[in-house]
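One-letter residues, chain by chain:
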Amino acid sequence: MKPNIKIFKNINELSLAAAQLFIESASQAIAVRGQFLVGLSGGSTPNHLYQLLAGAPHCDSIDWQKAHVFWGDERLVPMGDHGSNYFQARTALLDHVNIPADNVHRVQSDLEPASAALDYARTLKQFSAPQLDWPRFDLVLLGMGDDGHTASLFPGSPMDVSEPVIAVTANYQDRPANRITLTPMVFNSARRIIFLISGLSKAVTLTQVLSDVSRMDSLPAQRIRPTEGELLWLVDEAAASRL
Ligand code: 6PG
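These numbers come from a predicted model, not from an experiment.

Scoring rules and cut-offs
Residue numbers restart at each chain and count upward from 1, following the sequence in its written direction. Reporting in this predicted model follows two pLDDT cut-offs: at least 70 for local features of residues, and 80 or more for side-chain atom pairs to be given and counted; totals over whole chains, interfaces and linings ignore these cut-offs and use all residues. Values reported for side chains reflect all heavy atoms of the structure, with hydrogen atoms and water molecules removed beforehand. Helix and strand definitions follow DSSP, with helices as H or I runs of at least four residues and strands as E runs of at least two, each counted in order from the N terminus. Each residue gets one of three labels from its accessible area relative to the maximum for its type: buried under 20%, exposed over 50%, partly exposed in between, using a 1.4 Å probe on protein chains only. In this analysis, two residues are considered to be in contact whenever any of their non-hydrogen atoms come within 4.5 Å of each other. Computed with a 1.4 Å probe, the accessible areas rest on the Shrake-Rupley method; for each residue, only the protein chains presented here act as cover. By the counting rule applied here, Lys and Arg register as positive and Asp and Glu as negative, while His and the ends of each chain are not counted. By convention, the point assigned to a charge is CZ for Arg, NZ for Lys, CD for Glu and CG for Asp. Summary of the distance rule: residues count as near a molecule or strand when at least one heavy atom falls within 4 Å of that molecule or strand. Side-chain atoms alone can form a polar contact between residues adjacent in sequence; in general such a contact is a pair of N or O atoms within 3.5 Å, and within protein one must be able to donate a hydrogen while the other accepts it. Residue polarity follows a fixed list, in which Ala, Val, Leu, Ile, Met, Phe, Trp, Tyr, Cys and Pro are nonpolar, Asp, Glu, Lys and Arg are charged, and the others, Gly among them, are polar. Two strands qualify as a pair provided DSSP detects at least 2 bridges between them. Angles here are taken between N-to-C directions and fall from 0 to 180 degrees, while the axes themselves are lines fitted to C-alpha atoms, restricted in helices to the stretch in contact. Any angle that falls under 35 degrees is termed roughly parallel, while one over 145 is termed roughly antiparallel, one within 65 to 115 roughly perpendicular, and all others oblique. Whether a crossing is left-handed or right-handed is set by the direction in which the near helix is turned from the far one by less than a right angle, anticlockwise for left-handed and clockwise for right-handed.

**Student:** Can you help me understand the overall build of the protein in this one?
**Tutor:** The secondary structure content of the protein amounts to six helices and nine strands. Its C-alpha atoms give the protein principal-axis dimensions of roughly 45 × 40 × 35 Å. The 243 residues of the protein split such that 56% are buried. Within the protein, residue pairs in contact and separated by at least 24 positions form 75% of the contacts whose partners lie at least 6 positions apart. For the protein, the computed accessible surface area is about 10,800 Å², with 50% contributed by carbon and sulfur atoms. For the protein, the distance from the average position of its 20 positive side-chain charges to the average position of its 25 negative side-chain charges is 4 Å.

So this is what it looks like as structure tokens:
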């Protein structure tokens with residue numbers, strides 16, 4: 001199936017489009033199911049989107065009282081550490097909107113890796129969809145590393161994972177190594193998945209990921225194939241320059 005790619009001049013225009021899609025997903029989910037379940041991404045790319053959502057007019061377009069926020073992955077550092085995906089989203093977005101504290105479902109990142117993974121699987125189970133042990137997210141935001149990883153699914157990581165959440169140790173740039181990540185079977189049950197990809201350093205990898213050649217082992221972003229949901233790629237011109 002031809003990937004649904006939208007190309008934007010720069011990260012600002014990409015983030016504006018992402019904000020509109022975020023609001024659309026939230027409004028639709030709340031109208032139909034009374035709540036909006038969203039999985040946030042870490043990394044630098046989504047920061048501008050989070051800041052947009054935190055300010056007018058976007059912040060007034062979402063009923064944050066009915067939103068529940070989760071993370072697709074988390075670094076196992078203290079919750080106030082700048083390397084924490086929770087800290088990033090809290091400072092850029094969640095501290096600025098009226099989302100109830102009980103609706104923010106952060107990873108217990110001070111636990112040992114295996115315990116943190118089990119604990120988060122229990123958190124997901126509280127919102128499980130029929131026949132699943134985890135929620136059918138209304139929206140999942142994902143990024144992609146220049147090595148083709150997404151969330152904390154890194155090249156060479158096990159493919160036949162039957163757990164919804166796993167502990168991972170990985171070295172990528174100067175980022176914290178110990179992490180937990182949701183696994184493809186959770187991501188792929190989402191109603192809508194949006195990749196946010198920006199920058200020339202992603203261009204070659206993005207071309208490989210979007211090619212017809214399946215290399216899911218070395219390019220984990222290819223493991224993201226929603227069973228029924230929509231998959232959108234929001235990329236800027238630099239990242240799309242080799243397509
Ligand atoms: C993380 C993210 C990770 C990120 C990519 C891209 O915890 O860091 O889950 O998968 O999305 O590494 O990061 P950038 O947006 O900074 O390029």
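**Student:** Would you mind showing me how to read the site of the ligand here?
**Tutor:** Around the ligand, 18 residues are found, and the nearest of them are Ser44, Thr45, Arg75, Arg175 and Lys202. Contact between the ligand and histidine 149: an oxygen atom at 2.7 Å from a side-chain N or O atom of the residue. Here an oxygen atom of the ligand sits 2.7 Å away from a polar atom, N or O, in the side chain of lysine 202. Here the ligand loses 96% of its free accessible area of 420 Å² to cover by the protein chains. Of the residues assigned to the shell around the ligand, the class counts are three nonpolar, 10 polar and five charged.

**Student:** Explanation requested: the sheet that holds strand β2 (residues 36-40) in the structure shown.
**Tutor:** Paired through their backbone hydrogen bonds, the strands of a sheet run either parallel or antiparallel. Read from one edge to the other, the open sheet built from six strands follows the order β1-β9-β8-β5-β2-β3, with strand pairing classed as parallel. In this open sheet, the two edge strands, each paired with only one partner strand, are β1 (4-8) and β3 (67-71). Each adjacent strand pair in this sheet contributes to an overall mean axis angle of 20 degrees, direction not counted. Judged from the two bridges that link them, β2 and strand β5 (residues 139-142) form a sheet pairing that is parallel. What sits directly across from valine 38, in β5, is leucine 139. Across the sheet, helix α1 (residues 11-33) is in contact with β1, β2, β5, β8 (192-197) and β9 (230-236); its angle to β9 comes to roughly 160 degrees.

**Student:** What am I meant to see in the packing of α1 against helix α2 (residues 47-54) here?
**Tutor:** Packed helices, taken two at a time, are described by their axes: the angle between them and the distance between them. Interhelical geometry of α1 versus α2 gives an angle of 55 degrees and a closest axis separation of 9 Å. The angle between α1 and α2 falls in the class oblique. Crossing geometry of α1 relative to α2 is assigned as right-handed. In this structure, α1 contributes Ile11, Asn12, Ser15, Leu16, Ala18, Ala19, Phe22 and Ile23 to the contact, and α2 contributes His48, Leu49, Leu52 and Leu53. Partitioned by chemical class, the residues of the contact of α1 with α2 number nine nonpolar, three polar and no charged.

Shape is all these values report; function is a separate question.
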